[in-house]
Amino acid sequence: GFVTTVGETVYFPNKYSEDLKPKHLEVLGHEFRHAQDYDNWNIGFVILYLLPQLLIIFSLFSILAVINPWWLLALLNLLWLAPIPSPARAWLELRGYTVSLFMLNELWLEENLDLTQRRHNFIKYVEHFNHQFTSSNYYFMQPWGIQEKLQKNVEKILQDTIVQEDPIYQRLRIALKASQSNL
């Protein structure tokens, strides 16, 4: 039931393909951020995203070491399968979830919600997105959470200063306005 991006391709579960609604634009924005990051960093993005669990490949050396006592040391690499925090994945996902928050704000602006209403709406999204970092959904990538960082980004979004930090926000704003004018 998860939307995911592999390289520059976004995959949706069937429930999205049947009824893609404007509210799903925040998910598309999130995945667009991942596709842009992949486009910029290619294999570097993949490595950052999969660390530290990617280090499990070193356990394959246990096959080569089976004839000597070093095989036990090589098998210790199986510990990389444990839910070890992943700061790089957390950073990449924070970038994605910040775009999600930005997209939500843009949609709420179209609905003419005032600053107080938007700030109130963000409370549940920040809690929900923080849960993604601390739960098994992303393999406990940041068990202590990143609620403060999300809240800081919400304030940048509400003050519209985030647009100066990264050109992706202006691109998304323009794309959203263009898509709305075509409806």
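Structure: see above.
Residues numbered from 1 in each chain as written. Predicted model: local features only at pLDDT ≥ 70, side-chain atom pairs only at ≥ 80, totals over all residues. Heavy atoms only, no water.

A. Inspection of helix H7 (residues 115–134) at higher detail. With 20 residues, H7 should reach 28 Å at 1.5 Å per residue; the first-to-last C-alpha distance of 29 Å fits that figure. Where H7 bends most, at Ile123, the angle is about 25°. Of the residues making up H7, those classed as buried are Arg118, Phe122, Val126, Phe129, Asn130, Gln132 and Phe133. Against helix H2 (25–41), helix H6 (87–110) and helix H8 (147–158) lie the buried residues of H7. N-cap assignment for H7: the residue whose side-chain oxygen lies 3.1 Å from the backbone N of Thr116 is Asp114. (Helix = DSSP H or I, 4+ residues; strand = E, 2+ residues; numbered from the N terminus. Expected span 1.5 Å × (residues − 1). Bend = angle between axes of the 7 residues up to and from the residue. Buried < 20%, exposed > 50% of the residue type's maximum accessible area, 1.4 Å probe, protein only. Contact = heavy atoms within 4.5 Å. Polar contact = N/O pair within 3.5 Å; in protein donor to acceptor, adjacent residues only side chain to side chain.)

B. Seen up close, unusual backbone geometry. Note that the residue after Leu51, namely Pro52, is joined by a cis bond; omega there is 0°. The topology assignment puts Pro52 in the loop between helix H3 (43–50) and helix H4 (61–64). Positive phi, close to 60°, is recorded for Tyr139, a residue that is not glycine. Owing to a relative accessible area of 32%, Tyr139 belongs among the partly exposed residues under this scheme. Even without a glycine there, the phi angle at Phe140 is positive, about 55°. Looking at the secondary structure, you find Phe140 in the loop between H7 and H8.

C. The packing of H6 against H7, seen in detail. Two elements in contact, H6 and H7, have axes whose closest approach is 11 Å; the angle formed by their N-to-C orientations is 155°. Between H6 and H7, the angle is such that the two are roughly antiparallel. Note that H6 runs across H7; the crossing there is right-handed. Across the interface between the two elements, Ala90, Glu93, Leu94, Tyr97, Ser100, Leu101, Leu104, Asn105, Trp108 and Leu109 from H6 touch Arg118, Asn121, Phe122, Tyr125, Phe129, Gln132 and Phe133 from H7. (Axes fitted to C-alpha atoms, helices over the stretch in contact; angles between N-to-C directions. Parallel < 35°, antiparallel > 145°, perpendicular 65-115°, else oblique. Left-handed = near helix turned anticlockwise from the far one by under 90°.)

D. Summary view of the pattern of salt bridges. Considering all chains together, one arrives at seven salt bridges under this definition. Here Glu106 and Arg173 are joined by a salt bridge, their closest N and O atoms 2.8 Å apart. A residue pair is termed long-range when its members are at least 10 positions apart, and Glu106 in helix H6 and Arg173 in helix H10 (residues 167–181) qualify at 67 residues. (Salt bridge = Lys/Arg side-chain N within 4 Å of Asp/Glu carboxyl O.)

E. Geometry of the packing of aromatic side chains. As enumerated under the stated definition, the model contains ten aromatic pairs in all. Here the aromatic rings of Tyr38 and Phe45 are separated by 6.4 Å at their centres, their planes lie at 85°, and the arrangement is edge-to-face. Judged by relative accessible area, which is 9%, Phe45 ranks as buried. The structure contains a cluster of three or more aromatic residues connected by ring pairs, namely Tyr97, Trp108, Phe122, Tyr125, Phe129, Phe133 and Tyr138. Across the ring face of Tyr49, the terminal group of Arg89 is positioned such that the distance to the ring centre comes to 5.6 Å. (Phe/Tyr/Trp six-rings, centres within 6.5 Å; stacked < 30°, edge-to-face > 60°. Lys NZ or Arg CZ within 6 Å of the ring centre and 35° of its normal.)

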